[in-house]
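Architecture at a glance
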Amino acid sequence: LRKFELDISGSFLNPDCSNSPYPALLVNNQFPAPTLRVVKGDDVEIIVHNTDTTLNASVTVHFHGIRQYGTVESDGVPDLTQAAIPPGQSFTHRFRVIDQTGSYFYHSHVSFSDDTVQGAFIVYENEQSMPDSDEHDHKPLMDGSYQYDGERILQLSEWWHQGFMEREAYYMSKNFIYDKGADSILMNGRTVHQSNHNSSLEMSTKNDCPGYSVIDVQPNKTYRLRIIGAQTFRTLAFGIGQHKMTVIESDGQLTKPYDVDWLEIGPGQRFSVLIHTDDMEDDDSDNVFPIATSYRWRHRPPGGHTENGFAYLRYSKSKKPRSSTLYKPVLPEKNDELPEFPQENQPDWFWRDIAPLEEYSDFESTFLSAPADRTIKLRSTSSKQADGITRYLMNGRMPVERERPILMDFMQGRLRADMVHQDVDGYALDRHTFPIKIGEVVDIVLQNTKSGRNCLIHPWHTHGHSHYMIASGPGEYLHTEHGDVRNYPTPLFRDVSMVYPSDAEESGGCGWSKIRIYADNPGIWAIHCHITSHMMQGKMAVLEESPELI
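In the nomenclature of an unreviewed UniProt entry, the protein is known as Cupredoxin of Phascolomyces articulosus. In its Sequence similarities (unreviewed entry) section, the UniProt entry covering the protein states "Belongs to the multicopper oxidase family."

Right, here's the structure in full:
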């Protein structure tokens, strides 16, 4: 049994050294929130206290990627599995980590407070594979067939020069026009906004500026870098100057080694990569390597670098890391030190090539080749309503506001699984869910449509289940034409998958992805776009899975 307490309080933050702090929520007075480490098979108890007296914000906490077998009440989704926690109250999560290891994270699921209520949640195979402490390298570590000398966490996030409640008011009102994106890209909660870039190596005049994050490593070692895609809007490219990366994990599943110069990371995705350090130079300035990011899938040319999404990898002979920040200009003086990114977007190249570390079991092979028991098509369309607000319509339906969590309606007998009225697309009209049954093979088609003039990329996250991406294509999915398409030879078991944009057809369809789940976890489970503004505007559906068995 591992116990944690998370104390969520209101504050004002200035993580990018801009000219003003903005209101935000902290966890245990920290941003990013503290890393939680557990072992597969552990029982976990996490008490979330909302002690905010500054912003009057309600919260929940979702453990992203943890499947919550048998504990749907701990999934942390407001209006589905619990009520949001108001200031002055607490909520206790209790769950067992069943058959999962790898890199996960936890975040708020209310409004835009996930900007800062976010922290890593790491699951180890056993006690021996856990590091002794953060960034202290005292013993070699193992995971599967991979051995490395230490591990580090790098958490990507975004920062707006606007309070998160003010942002919510903008997105949900008739004043919304478009997503303008964050002002800064943070790594481990820090950067330097371009308005404060300085050509000198030191920024001693800004003593209150935390500077860029630094990851300390020793020379001639191998490190596992756990990359947490906790950003809530942009899809980013990520690379480390003069260092190749070997991907070994995606969303909790170990993969066959896959060498890359850069990595595309969408909101909610996680990766582990191995990096190998070289000899240490005598000159300290030659032992610092830039970590950089690039925007992907924006409607302007890709390539280049973000305005301020930088950090540094630093060689040090000390086993104990030095200061975790470093004041440097936004771009190194030698431009060839920066990692390079492609000038063109490249959909799916990575996912069609990479494979799980272990061969598929007999069950997985049968499951992946079997016909689906049920296919659900989720077609989401952004639409401006008569009153001027913008909402995503799911299969033509407006998002609903619930009086109370639907899980409570089932537990207290107001809803029954055997009394349901379904529409032709499988939607339950009386409870606004898509019912599925235990033991079913369920295919879910995620259909992109144009949003205004453009077709956008969307990262879809499944609660309660990981899934396999089995097919994708351009335009509109038609079951009679595309039902048998399989174009991912070795799909991974993950919980976030991209729906890449394509040219739009006359119907407005502009790209689709088909994911497959095995219904083995009775509950009420969200499936949604992990761009928070899109989810808030309605890009979300609910799977009702054999609720009589909860």
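Okay, back to it.
**Details of the UniProt feature "domain: Plastocyanin-like" (unreviewed entry) in the protein**
UniProt marks residues 22–127, 152–317 and 403–547 with the feature "domain: Plastocyanin-like" (unreviewed entry), using the numbering shown here. Its end C-alpha atoms 40 Å apart, residues 22–127 is made of 0% helix and 41% strand. Here residues 403–547 is 10% helix and 37% strand, with 19 Å between the C-alpha atoms at its ends.

**A word on helix H1 (residues 164–172)**
For H1, the complete set of buried residues consists of Phe-164, Arg-167, Tyr-170 and Tyr-171. Angularly, the buried residues of H1 cover 115 degrees about the axis, an arc narrow enough to put them on a single face. Of the surrounding secondary structure, the elements contacted by the buried residues of H1 are strand S2 (22–27), strand S24 (390–394) and helix H6 (532–536).

**Describing the state of the cysteines**
Applying the stated rule across the entire model yields one disulfide. The disulfide bridge from Cys-455 ends at Cys-510, spanning 2.0 Å between sulfur atoms. Sign of the S-S torsion, about 85 degrees for the bond between Cys-455 and Cys-510, identifies this disulfide as right-handed. Highlighted residues: Cys-455 in the loop between strand S26 (441–449) and strand S27 (458–462) and Cys-510 in strand S31 (residues 509–518), separated in sequence by 55 residues. A residue is classified by how much of its surface remains accessible, and Cys-455, at 8% relative accessible area, is buried. Given a relative accessible area of 0%, Cys-510 falls into the buried group. We note that Cys-529 lacks a disulfide partner, and the nearest cysteine sulfur, in Cys-455, lies 12 Å from it. Under the relative-accessibility criterion, Cys-529 is labelled buried at 0%.

**Re the pairing of strand S30 (residues 496–499)**
Judged by which residues are buried, S30 turns out to be covered on both faces: Val-496 and Met-498 on one side and Ser-497 and Val-499 on the other are all buried. When S27 meets S30, the two strands line up antiparallel, connected through four bridges. Within S30, the position partnered with His-458 by the bridge is Val-499.

**So, the nonpolar core**
It is characteristic of soluble globular proteins that their nonpolar side chains tend to be buried jointly. Core analysis: the biggest nonpolar cluster contains 65 residues, and Phe-238, Leu-263 and Leu-378 have the highest contact counts within it. Of the residues forming this core, the biggest block, four residues, is contributed by strand S32 (residues 523–529). Look past the residues within four positions of Leu-378 in its chain and what remains in contact with it is Met-394, Asn-395, Phe-434, Ile-444, Val-445, Leu-446, Gln-447, Trp-460, Ile-527 and Ala-541. With 31 residues, the next largest nonpolar core counts Val-48, Phe-63, Phe-112 and Tyr-171 among its residues.

**Some remarks on the sheet that holds strand S8 (residues 118–124)**
Taking strand neighbours across the sheet as the criterion, the four strands line up as S3-S8-S7-S5 in an open arrangement whose pairing is mixed. Strand pairing shows two members of the sheet lacking a second neighbour, strand S3 (36–39) and strand S5 (61–64), which therefore form its edges. Taken pair by pair, the neighbouring strands of this sheet meet at an average axis angle of 25 degrees, ignoring direction. In this sheet, strand S7 (residues 102–108) lies alongside S5 in antiparallel orientation, the contact comprising four bridges. Along S7, the bridge assignment pairs His-62 with His-107.

**Observations concerning the environment of Gly-144**
Counting through the fold element by element, Gly-144 comes out in the loop between strand S9 (141–143) and strand S10 (146–148). Placed 214 residues apart in sequence, Gly-144 and Glu-358 show a C-alpha to C-alpha distance of 9.4 Å.

**Re the pattern of salt bridges**
Once their charged atoms are close, side chains differing in charge can pair, the charge on each being opposite to the other. This structure, assessed with the given rule, holds 27 salt bridges. For Lys-244, the salt bridge goes to Asp-261, with nearest N and O atoms at 2.5 Å. Taken together, the positions of Lys-244 in the loop between strand S15 (235–240) and strand S16 (245–250) and Asp-261 in the loop between strand S17 (253–260) and strand S18 (263–265) put the pair 17 residues apart, joining distant regions of the chain. A relative accessible area of 55% means that Lys-244 is categorised as exposed. Residue Lys-377 is joined to Glu-476 by a salt bridge in which the shortest nitrogen-to-oxygen separation is 2.8 Å. Placement of the pair is Lys-377 in strand S23 (residues 374–384) and Glu-476 in the loop between strand S28 (467–473) and helix H5 (479–482), with a sequence separation of 99 residues. Taking relative accessible area as the criterion, Lys-377 reaches 24% and is therefore assigned partly exposed. Ionic contacts of the salt-bridge type, sharing partners, join the residues Asp-143, Glu-151, Arg-224, Arg-226 and Glu-249 into one network.

**A short note on the confidence of the model for the protein**
On average, residues of the protein score 91 in pLDDT, and 92% of them reach the 70 mark or higher. In this model, residues 199–205 is a region of pLDDT below 50 whose contacts with residues beyond four sequence positions or in other chains number ten contacts.

**Side note on a negative patch on the surface**
Together, Asp-278, Asp-279, Glu-281 and Asp-282 make up a region of like negative charge exposed at the surface. Topologically, Asp-282 is positioned in the loop between strand S19 (270–276) and strand S20 (288–296). According to the relative accessible area criterion, Asp-282 is exposed, its value standing at 81%.

**A short note on the sheet that holds strand S12 (residues 184–187)**
Across a sheet, strands are paired by hydrogen bonds formed along the backbone, either parallel or antiparallel in direction. As summarised here, the arrangement of the six strands in space is S12-S11-S14-S19-S16-S17, forming an open sheet in which the pairing is mixed. Strand pairing shows two members of the sheet lacking a second neighbour, S12 and S17, which therefore form its edges. Adjacent strand axes in the sheet meet at a mean angle of 25 degrees, parallel and antiparallel pairs treated alike. Judged from the seven bridges that link them, strand S14 (residues 222–229) and S19 form a sheet pairing that is antiparallel. Pairing of Thr-222 across the sheet is with His-276, part of S19.

**A closer look at helix H3 (residues 362–369)**
Within H3 the residues assigned to the buried category are Glu-364, Phe-367 and Leu-368. The buried residues of H3 all sit within an arc of 95 degrees when viewed along its axis, so they share a single face. With respect to the buried face of H3, the exposed residues turned more than 90 degrees away are Asp-362, Thr-366 and Ser-369. Taken together, the buried residues of H3 touch S26, S28 and S31.

**Some remarks on unusual backbone geometry**
Residues Phe-31 and Pro-32 are joined by a peptide bond in cis, for which omega reads -5 degrees. Locating Pro-32 in the fold gives a position in the loop between S2 and S3. One non-glycine residue, Asn-56, lies in the positive phi region at around 55 degrees.

So, how was this worked out
Residues numbered from 1 in each chain as written. Predicted model: local features only at pLDDT ≥ 70, side-chain atom pairs only at ≥ 80, totals over all residues. Heavy atoms only, no water. UniProt positions renumbered as here; feature names shortened; annotations may be inferred. Helix = DSSP H or I, 4+ residues; strand = E, 2+ residues; numbered from the N terminus. Buried < 20%, exposed > 50% of the residue type's maximum accessible area, 1.4 Å probe, protein only. Arc of directions from axis to C-beta. Contact = heavy atoms within 4.5 Å. Disulfide = S-S within 2.5 Å. Pairing = 2+ DSSP bridges. Core = buried A, V, L, I, M, F, W, Y, C linked by side-chain atoms within 4.5 Å. Axes fitted to C-alpha atoms, helices over the stretch in contact; angles between N-to-C directions. Salt bridge = Lys/Arg side-chain N within 4 Å of Asp/Glu carboxyl O. pLDDT = per-residue confidence, 0-100. Patch = residues over 30% accessible without salt bridge, like charges linked within 9 Å, V, L, I, M, F, W, Y side chains within 5 Å. Areas by Shrake-Rupley, 256 points an atom, 1.4 Å probe, with all protein chains shown as cover. Lys, Arg positive; Asp, Glu negative; His and termini not counted. Charge placed at Lys NZ, Arg CZ, Asp CG, Glu CD.

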